[in-house]
Each structure stands twice: as structure tokens, then as C-alpha cells.
Amino acid sequence: MARFELALPFKGARNYLHGSDIFNTLSRLAPDVSGDNAAYVDHIKFARVIFHACALDTSEPADRNAVVGYVGFQSATGERTKAWLMDTETTATQRVPFDEAAVTAQVILDQEAHSATMGRQVAKTPIENIIVATKALNYSLSEPRAGQWLFGQLDLAAPLPDGYTNLRIKMTKLIRGQFSVSEISVDERNIGKIQFIAGQV
């Protein structure tokens, strides 16, 4: 079993680690974790907001209190590898800029259809666009009961593609102010679901 230290920055003015940076880092590690160059992250679930640098363990941890997330990797042959995101209590020292407002401005909301679309990839990576579009959709339909809307879980049936021409987020479940589930479609192909939860940071 292996342990990978994740070098993760804060995004924009946030004081917590953004799910997009965690997902992208894990995606780059997928071949090393699974032993398959075509492997991808097919599941990520956050147990809580992450304020410190974290590590990825492929063996089930003895200290469950240090677990901040759960990850699944899918190989080209269908073999799955489970892993755990662990709090290291080490402060993240890097910070990267992110103009979320510029990305949000490209999101087309349809409140009646409970959907959000983007005609092109605006942010650098697909997951950033997905998170921003889902967040905008959530806020358009329901204010969080407490705190803010946060990316909580992602389940994918295929790797997120680069260079798409249409992204659509379709909300299929909403517990107002608390929780949502949305389907992710890229170029008219459904590739997964994303969950948001309301929480304090």
C-alpha cells in the first residue's frame, strides 16, 4: 500500500482547499495509484471542509478521525482502487488566482428546467467549470440554510474530457437550503453526478 503527499494550494481568497484542485491532483496520480495509465477518478466524497494539506492513503487508515475524504479510481479493465484523503495538519503555503466571477458570467441558467449550461470550457479544467456551474445553479434555486453551497461528492462513469463544446448541469434532487444532486452531461452525453451540500467554512 502507498501514501502520496498532495501539494495543494489555496484557490483565490479561500482559506480552505478547493475540490477542483484536489480532484485534478488526484487525476494526475491515478496511473500511479492504480497501475493503469488510463485510470481516472470515478468517485470522490468529502467528509468535511479541508483546511490543511492532505495525503492520499491506499490502505484503510487506523485513525478515522483524520479522514477528510474518500476516493475511488477506475482502471480501463474495470478494476477499482479505493483510497482515503487524510488530514496532515500541515498548513498549505501556496495560493493560486482564480477569477470565479468570470467563469460564472458564462453560465446560462434555466431555473424552470433546473439546469445550467456552458457553451465552452471557460476555466482551465473541466471540473472547475462543473463546480462553478453547479454552484451558480444551486444559488439560483435555493439559498443555503447555513454557510454556503459546497462541492460534496462526484461520481463519474467516464473521465472528464477536455475540449468539449457544451456542458449541462441538470439538478435532479433538491432539499432546499441543504443538499442537491445534479447530472453532468458533456456534449449531450451523461457522464456522472455531482452533489452539493450547505456548510460552514
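Below: a short report on this structure.

1. Looking at the overall build of the chain
1) Next: A count of helical and extended segments in the chain gives three helices and 13 strands.
2) Next: When its C-alpha atoms are laid out on the principal axes, the chain stretches across 50 × 40 × 30 Å.
3) Next: Contacts spanning at least 24 positions in sequence make up 65% of the contacts within the chain whose residues lie at least 6 apart.
4) Next: Separation between the mean location of the 20 positive side-chain charges and that of the 22 negative ones in the chain comes to 5 Å.

2. Quick look at the pairing of strand β13 (residues 189-199)
Two faces, one strand: in a regular strand the side chains alternate between the faces of the sheet.
1) Next: Bridge analysis of strand β10 (residues 148-156) against β13 gives eight bridges, and the strand direction is antiparallel. Each bridged residue has a counterpart across the sheet, and for Q153 the counterpart in β13 is Q195.
2) Next: Note: strand β12 (residues 179-186) against β13, eight bridges, orientation antiparallel. In the sheet register, F179 faces β13, and the bridge partner there is I197.
3) Next: Counted between consecutive antiparallel strands, the loop separating β12 from β13 contains two residues, among which D187 sits at a positive phi close to 50°.

3. Regarding the side chain of D57
1) Next: Secondary-structure assignment places D57 in strand β4 (residues 53-57).
2) Next: For D57, a relative accessible area of 10% translates into the label buried.
3) Next: Of note is the side chain of D57, whose polar atom sits 2.9 Å from the side chain of R3.
4) Next: Excluding residues that lie within four positions of it along the chain, D57 makes contacts with A2, R3, A83, W84 and M86.

4. Digging into the pattern of salt bridges
Note on pairing: side chains with opposite charge can pair once their charged atoms come close.
1) Next: All told, the structure shown has nine salt bridges when counted by the stated rule.
2) Next: Close ionic contact of K11 with D21 constitutes a salt bridge, the shortest N to O distance being 2.9 Å. Pair noted here: K11 is in strand β2 (residues 10-11) and D21 is in helix α1 (residues 19-34), with a separation of ten residues, a long-range link.
3) Next: On the basis of relative accessibility, which here comes to 12%, the residue D21 falls in the buried class.
4) Next: Ionic pairing is found between R14 and E100, a salt bridge with its closest N-O pair at 2.4 Å.

What counts and what doesn't
- Residues numbered from 1 in each chain as written.
- Predicted model: local features only at pLDDT ≥ 70, side-chain atom pairs only at ≥ 80, totals over all residues.
- Heavy atoms only, no water.
- Helix = DSSP H or I, 4+ residues; strand = E, 2+ residues; numbered from the N terminus.
- Contact = heavy atoms within 4.5 Å.
- Lys, Arg positive; Asp, Glu negative; His and termini not counted.
- Charge placed at Lys NZ, Arg CZ, Asp CG, Glu CD.
- Pairing = 2+ DSSP bridges.
- Buried < 20%, exposed > 50% of the residue type's maximum accessible area, 1.4 Å probe, protein only.
- Polar contact = N/O pair within 3.5 Å; in protein donor to acceptor, adjacent residues only side chain to side chain.
- Salt bridge = Lys/Arg side-chain N within 4 Å of Asp/Glu carboxyl O.

Any link to function would need more than the numbers given here.
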